[in-house]
Amino acid sequence: MPDVPLDEAPSMTPPEPPTVPRRPSTSLRPWLRRIGAGLGAVVAIGAALVIWAGLGSPSKLPRVELAVPPQRASAWEDVFARGQRVRLCTFETGEVSGARSMLLRSDHVDFDRAREHEPLPIYAHLVRHPTRGDVLIDAGLSAPFERDPFGDVRAPVSWLHRAMGTRFTLPAGRSLGAQLARLGSRPRQVYLTHVHGDHTAGLGELPRDVEIVTGEGEADDLAGHLGYGHFAEGATLSELSFARGAPMPPFDMAIDVWGDGALWALPTPGHSRGHLSFVVNAESGPVLLVGDASHYAWAFERGIGPRGPSASDEAAGQQSLDRLRELVRAHPSLRVVYGHEAPQVICEISTTP
């Protein structure tokens, strides 16, 4: 057998055994199972919370376009002089406490420091038409707020209110339902300026067959998905489409809701996607209900737009406010009622019909 040089001799080192994935220690397996079960529970609870939050939200409801009469442009002076007059009653349905500056455009640093934490009233407005009967603009608060500062607002929105320091107060007998009952009123429609909970809570105290009217796309706003819990299952939303309106400067389009000049809807998006304001041709003179296009007088007078879900919404809200202010400058006979502050509470309805 020939000699083999040592450096060429075959290696006698045994080959490395194949790598086998190590299994967790038997003692770790119960902990891993618990972690997995915990994560699964978190996902399940999160999914349940999303479903729960969506219950009673307008985003889930079917929608139809509200039928309106043929529209024609007019001059506001003619509307105020010759339009159908109606009776108007503004209800104060409790108050909301929180920082007033949080309601202003987010890039604005100026606010009314002297009244920063004064409670803000919450309104609903009853319009009584001589032939069409009663309709509401906004629904205010309902009786559950007499017992709980968050009423019947569902979680997680109620948690958000708690975290922000927002509180609602409602004296006994001041809920929307109680005030309507005293006037013997059974509204056939409710027009919502927008779908935030302090404007929708009273829906549950209205007749089941009441027609709910919003601005087009309002249910797709962030608030439309939050699920305050105020929209009954099986309800349908009727939306106002301004494509069917008429030019009414300074607004590109407005809608004469009944075709007789009694009630006009104005598109004022910004605080929410489909926010509406209204001109009511009241017996005591025309009234402009701006809703939360301007929450209170200090902001309206200084031209500071409302807070919105995004910077683009706030830009739209500023444009809406600018148009409302232009309308008031051109027609000083208009009395302005703000979303959460009124210079005077108007009520022209005092007897049961």
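Bear in mind the structure is a predicted one, so any value in this text is a computation, not a measurement.

A. Structural detail: unusual backbone geometry. Of the consecutive residues proline 249 and proline 250, the connecting peptide bond is found in the cis state with omega at 10°. With respect to the element layout, proline 250 can be found in the loop between strand S9 (246-248) and strand S10 (251-256). The phi dihedral of aspartate 138 is positive, around 70°, even though this residue is not glycine. Within the secondary structure, aspartate 138 is located in the loop between strand S4 (133-137) and helix H3 (157-164).

B. Looking closely at H3. Among the residues of H3, those classed as buried are Val157, Ser158 and His161. The arc that holds the buried residues of H3, viewed along the axis, is 105°, so those residues lie on one side. Directly after H3, the chain includes glycine 165, whose backbone phi takes a positive value near 80°.

C. Structural view of the packing of aromatic side chains. Enumeration over the complete set of coordinates arrives at five aromatic pairs. On the numbers, 5.9 Å between centres and 25° between planes, the contact of tryptophan 76 with phenylalanine 80 is stacked. Of the two residues, tryptophan 76 and phenylalanine 80 are both situated in helix H2 (residues 76-82); the distance of four residues between them amounts to about one turn of the helix. Comparing tryptophan 76 with phenylalanine 80 shows no difference in burial state: the two are buried. On the numbers, 5.3 Å between centres and 65° between planes, the contact of tryptophan 76 with tryptophan 264 is edge-to-face. Of this pair, tryptophan 76 sits in helix H2 while tryptophan 264 sits in strand S11 (residues 263-267); the two residues are 188 residues apart in sequence, bridging distant segments of the chain. One aromatic cluster is present, built from ring pairs that chain together Trp76, Phe80 and Trp264.

D. Structural detail: the sheet that holds S11. Ordered by their spatial adjacency, six strands build an open sheet running S9-S10-S11-S12-S13-S14, and the pairing between neighbours is mixed. In this open sheet, the two edge strands, each paired with only one partner strand, are S9 and strand S14 (335-338). With strand direction ignored, the average angle separating the axes of adjacent strands in the sheet is 30°. Sheet analysis places strand S13 (residues 285-291) next to S14, joined by four bridges and oriented parallel. Within the sheet, the bridge partner assigned to glycine 291 lies in S14 and is tyrosine 338.

E. Structural detail: the sheet that holds strand S8 (residues 237-240). Here we have eight strands laid out as an open sheet, ordered S1-S8-S7-S6-S4-S3-S2-S5, and mixed in their pairing. This sheet does not close on itself; its edge strands, each paired only once, are strand S1 (63-65) and strand S5 (167-169). Strand after strand, the sheet turns through a mean of 30° between neighbouring axes, direction not considered. Relative to S5, strand S2 (residues 87-97) is paired through three bridges, and the arrangement is antiparallel. Residue pairing across strands places glutamate 95 opposite threonine 169, the latter belonging to S5.

F. Up close: a nonpolar patch on the surface. Together, Met102, Leu160 and Met164 give the surface a local cluster of nonpolar side chains, amounting to about 300 Å² of exposed area. Among the structural elements, methionine 102 can be located in the loop between S2 and strand S3 (120-129).

G. Looking closely at the side chain of threonine 90. In this fold, threonine 90 is placed in strand S2. For threonine 90, the side chain forms a polar contact with the side chain of histidine 125, separated by 3.0 Å. In contact with threonine 90, other than residues within four places in its own chain, are Tyr123, Ala124, His125, Val345, Ile346 and Cys347.

H. Representation of the pattern of salt bridges in the model. In total, this model carries 14 salt bridges according to the counting rule given. In this structure, arginine 105 engages aspartate 107 in a salt bridge whose closest nitrogen and oxygen atoms are separated by 2.6 Å. In this structure, glutamate 341 and arginine 115 form a salt bridge, with 3.3 Å as the shortest nitrogen-oxygen distance. Of this pair, glutamate 341 sits in the segment after S14 while arginine 115 sits in the loop between S2 and S3, and the two are 226 residues apart along the sequence.

I. Here's a closer look at the confidence of the model for the chain. Confidence in the prediction of the chain, expressed as mean pLDDT, is 86, and 83% of residues score 70 or more. For the stretch residues 4-11, pLDDT sits under 50, and the model shows one contact to residues farther than four places along the chain or on other chains. Taken together, the stretch residues 40-53 has pLDDT below 50 and engages in nine contacts with residues farther than four places along the chain or on a different chain.

J. Here's a closer look at helix H8 (residues 311-330). Between its first and last C-alpha, H8 extends 29 Å over 20 residues, near the 28 Å set by a 1.5 Å rise per residue. Looking only at H8, the buried set comprises Glu314, Gly317, Gln318, Ser320, Leu321, Leu324, Leu327 and Val328.

About the criteria used
Residues numbered from 1 in each chain as written. Predicted model: local features only at pLDDT ≥ 70, side-chain atom pairs only at ≥ 80, totals over all residues. Heavy atoms only, no water. Helix = DSSP H or I, 4+ residues; strand = E, 2+ residues; numbered from the N terminus. Buried < 20%, exposed > 50% of the residue type's maximum accessible area, 1.4 Å probe, protein only. Arc of directions from axis to C-beta. Phe/Tyr/Trp six-rings, centres within 6.5 Å; stacked < 30°, edge-to-face > 60°. Pairing = 2+ DSSP bridges. Axes fitted to C-alpha atoms, helices over the stretch in contact; angles between N-to-C directions. Patch = residues over 30% accessible without salt bridge, like charges linked within 9 Å, V, L, I, M, F, W, Y side chains within 5 Å. Areas by Shrake-Rupley, 256 points an atom, 1.4 Å probe, with all protein chains shown as cover. Salt bridge = Lys/Arg side-chain N within 4 Å of Asp/Glu carboxyl O. Polar contact = N/O pair within 3.5 Å; in protein donor to acceptor, adjacent residues only side chain to side chain. Contact = heavy atoms within 4.5 Å. pLDDT = per-residue confidence, 0-100. Expected span 1.5 Å × (residues − 1).

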